[in-house]
Amino acid sequence: MLGSLIKKEILEHLMSLRFAIACVLCLVVILCSVFVRARDFVQVLDDQRQETKMANQWLDDLREPWALGWSGRPIAVPRLANPMKVFVRGVRSDNGGAVNVSTRTRLEPSYRPVSSPAVVLFPPIDLVTFVGVILSLMALVFGYDAVCGEKERGTLRLMLSYSVPRRTVLLAKWIGGYVTLIVPFLLAAAVGIVVVMIQPDVSLDGGQWARLGAILGLATVYVAAVYSLAVYVSVLTRKAATSVMVLLSLWVVLVLVVPNLAPHASGVLHPIPTAGEMEKQREAARKEIDQRTRALTKAWDEQNGFGDKWWEGFPWGKWPEMERVYARWIFQTDMNSKARAETFEAWERIDAPRRRQLDQQVTLTRWIGRVSPFSCFAYASTELADAGVLYDRRLDDQLRAYQRDLTAYAWRECLFMEHKGLEARDKDYPDWRKVREAGIPRFAYVPPAAGDYLRVAAIDGGILAGMAVLFFFLATVTFLRYDVR
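Residues numbered from 1 in each chain as written. Predicted model: local features only at pLDDT ≥ 70, side-chain atom pairs only at ≥ 80, totals over all residues. Heavy atoms only, no water.

A. Region of interest: the overall build of the protein chain. Within the protein chain, the secondary structure is distributed over 15 helices and three strands. With respect to the principal axes defined by its C-alpha atoms, the protein chain has extents near 110 × 50 × 40 Å. Within the protein chain, contacts between residues at least 6 apart in sequence are counted, and of these 82% link residues at least 24 apart. Here the protein chain displays about 24,700 Å² of accessible surface, and carbon together with sulfur accounts for 62% of that area. Considering the protein chain, the positive charge centre built from 59 side chains and the negative charge centre built from 50 side chains are found 8 Å apart. (Helix = DSSP H or I, 4+ residues; strand = E, 2+ residues; numbered from the N terminus. Contact = heavy atoms within 4.5 Å. Areas by Shrake-Rupley, 256 points an atom, 1.4 Å probe, with all protein chains shown as cover. Lys, Arg positive; Asp, Glu negative; His and termini not counted. Charge placed at Lys NZ, Arg CZ, Asp CG, Glu CD.)

B. Up close: unusual backbone geometry. Trp 319 connects to Pro 320 through a cis peptide bond whose omega is 10 degrees. Relative to the helices and strands, Pro 320 is located in the loop between α10 (275-303) and α11 (321-369). Even without a glycine there, the phi angle at Asp 386 is positive, about 55 degrees. Assignment of secondary structure puts Asp 386 in the loop between α12 (373-384) and α13 (389-424). A relative accessible area of 13% places Asp 386 in the buried class. (Buried < 20%, exposed > 50% of the residue type's maximum accessible area, 1.4 Å probe, protein only.)

C. Geometry of the nonpolar core. Phe 87, Val 131, Leu 135, Phe 185, Tyr 222, Val 223 and Phe 479 are the most contacted members of the largest nonpolar core, which has 86 residues in total. Top element by residues in this core is helix α8 (residues 206-236). It accounts for 17 residues. Residues within four places of Phe 479 in sequence aside, it is in contact with Val 147, Leu 156, Leu 160, Arg 166, Val 169, Leu 170 and Val 235. Grouped together as the second largest cluster of nonpolar side chains are 20 residues, Leu 59, Ala 67, Val 101 and Tyr 391 included. (Core = buried A, V, L, I, M, F, W, Y, C linked by side-chain atoms within 4.5 Å.)

D. Quick look at the sheet that holds strand β2 (residues 98-101). The strand order across the open sheet built from three strands is β1-β2-β3, with neighbouring strands paired in antiparallel fashion. Whereas interior strands pair on both sides, the edge strands pair on one side only; in this sheet they are β1 (75-78) and β3 (108-110). Across the sheet, the mean angle separating the axes of adjacent strands is 40 degrees when strand polarity is ignored. Of the pairings in the sheet, the one linking β2 to β3 comprises three bridges and is antiparallel in character. Bridging from a neighbouring strand, Val 99 pairs with Pro 109 of β3. Against the sheet, helix α2 (residues 17-61) makes contact with β1 and β2, and its axis sits at roughly 145 degrees relative to β1, the strand it touches most. Packed on one face of the sheet, α13 meets β1 and β2 and runs near 35 degrees to β2. (Pairing = 2+ DSSP bridges. Axes fitted to C-alpha atoms, helices over the stretch in contact; angles between N-to-C directions.)

E. Layout of the packing of helix α7 (residues 166-197) against α8. Axis separation between α7 and α8 bottoms out at 10 Å; the angle between their running directions is 150 degrees. Considering the angle they form, α7 stands roughly antiparallel to α8. The two elements α7 and α8 cross, and the hand of that crossing is right-handed. Touching Leu 170, Lys 173, Trp 174, Gly 177, Tyr 178, Leu 181, Ile 182, Phe 185, Leu 186, Ala 189, Ile 193 and Met 197 of α7 are Trp 209, Leu 212, Leu 216, Ala 219, Thr 220, Val 221, Val 223, Ala 224, Tyr 227, Ser 228, Val 231 and Val 235, all from α8. (Parallel < 35°, antiparallel > 145°, perpendicular 65-115°, else oblique. Left-handed = near helix turned anticlockwise from the far one by under 90°.)

F. Representation of the packing of helix α4 (residues 127-143) against helix α9 (residues 240-269). Look at α4 against α9: their axes get within 11 Å of each other, and the N-to-C directions meet at 160 degrees. Classified by the interaxial angle, the pair formed by α4 and α9 is roughly antiparallel. Like other packed secondary-structure pairs, α4 and α9 cross with a definite hand, here right-handed. Contacts between α4 and α9 pair Gly 132, Val 133, Ser 136, Leu 137 and Leu 140 from the former with Leu 247, Leu 248, Trp 251 and Val 255 from the latter. Tallied by class, the residues present in the contact of α4 with α9 amount to seven nonpolar, two polar and no charged. (Nonpolar A, V, L, I, M, F, W, Y, C, P; charged D, E, K, R; others polar.)

G. Local environment of a nonpolar patch on the surface. Residues Val 252, Val 253, Leu 256, Val 257 and Leu 261 make up a contiguous nonpolar surface patch of roughly 370 Å² in combined accessible area. On the secondary structure map, Val 253 appears in helix α9. Classification of Val 253 by relative accessible area gives partly exposed; the value is 39%. (Patch = residues over 30% accessible without salt bridge, like charges linked within 9 Å, V, L, I, M, F, W, Y side chains within 5 Å. Salt bridge = Lys/Arg side-chain N within 4 Å of Asp/Glu carboxyl O.)

H. The arrangement of α13 in detail. Spanning 36 residues, α13 covers 52 Å between terminal C-alpha atoms, matching the ideal 52 Å at 1.5 Å per step. Immediately beyond the C-terminal end of α13, within one or two residues, lies Arg 425, with a positive phi of roughly 55 degrees. (Expected span 1.5 Å × (residues − 1).)

I. Broad picture of the pattern of salt bridges. In this structure the tally under the stated criterion is 33 salt bridges. Residues Asp 431 and Arg 433 are paired through a salt bridge, measuring 3.7 Å at the closest nitrogen-oxygen approach. What makes Asp 431 partly exposed here is its relative accessible area of 26%. By sharing partners, the salt bridges in this structure join Arg 106, Glu 279, Arg 282, Glu 348, Asp 351, Arg 355, Asp 396, Asp 397, Arg 400 and Arg 404 into a single network.

J. Focus on the side chain of Glu 150. Here Glu 150 lies in helix α5 (residues 148-153). Exposure remark for Glu 150: the relative accessible area of 3% places this residue in the buried category. Ignoring anything within four residues of it in the chain, the contact list for Glu 150 reads Lys 8, Glu 9, Glu 12, Asp 145, Thr 155, Leu 156, Met 159 and Lys 173.

This is how it looks when you write it as structure tokens:
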């Protein structure tokens, strides 16, 4: 009996105009999205290769450590171009790029000029946007009249006049509508994946393919939750027109209002210091450390016979006077090395409370937003695609650690070469690239373990599954008392 009812529902949907529109929309939008975003990724990949080549070439050609330590010239660390962003845009609209890492200043993004303003003005739709917005609307279209529409047509009363349990009828309607909705999406997604696979420069590793499969799985659960809501409202209302108006109102609230309102609500409930306030504290700490360092250097100069402008008229190149200069350089290098390390530690102490508060605010935002099934789907999908908040935090932590290592290395090498210069007495000054004990540290991003992705997606996936079950359960309970007259 159940199989016959499911077959009937599927055939009715297959013969409807909404099924044809769903097939065309899924295929056209997904193909256009992955094609455009794949082309953007290829361009980003070419830019990243050039940036990486230039950054490595500059480091390879560096003949002395002064540019890293004293000058503090930044190293452009390329952000890895993420092929998963072909499907999921994430919290950042850009892909790749670079971060300037210096031994004297904070981390700063390196911006590249935009080739066409229209690209930013009309960003392409990604998989999350399509599923969260367009496919959810299609779920409402498929389910708004599942019960009340048949009641208006008189077919529901006729069906229930036979000895068919109401639970079976409702389950058949849910399965039939859901299958005819989700199959066109999965087929279109499969075609989009094939389009990506034939791109020579777009390749995903095994872990990324698994996470893409998890994203598609979450999409099916999300659609199930929205479709269950549509069926539930269809049972609650007596007319299809009323059902569609109620569902559209709920869609606006759950898909548009709640996800956009959640960050602002968490900002009111859990405020954090502004970026300007933090920058003032960091600048004050830097100035205090620099003033203390200059005072110690001035005291050393006075003790060793150096005036304010001691370099004017100094017998450069003559020994043993030059020994005093090298002694001063060694002392000042050591002081600057300690000052830079102390500055970064002070910045970390200043940033740590705000970072914790920001983490708490992000967590609160997520829990407020999880009232919306779209928020749950978007949170989990962006993290699975390495395009979410947790990825940005992990990358920032690793870049900060790299900056500290690079700073310690640069000042250590400056001090090392000054001692070498003192030993050489300006004769046969050694080539730094040959005498250094280790090469310049290079940044390498360490991705999280597979279990970390699973823990991130489990909460939102579980909430979506719970919503789907809850709405269908409520629809079943209501349908058992439904008046078909």
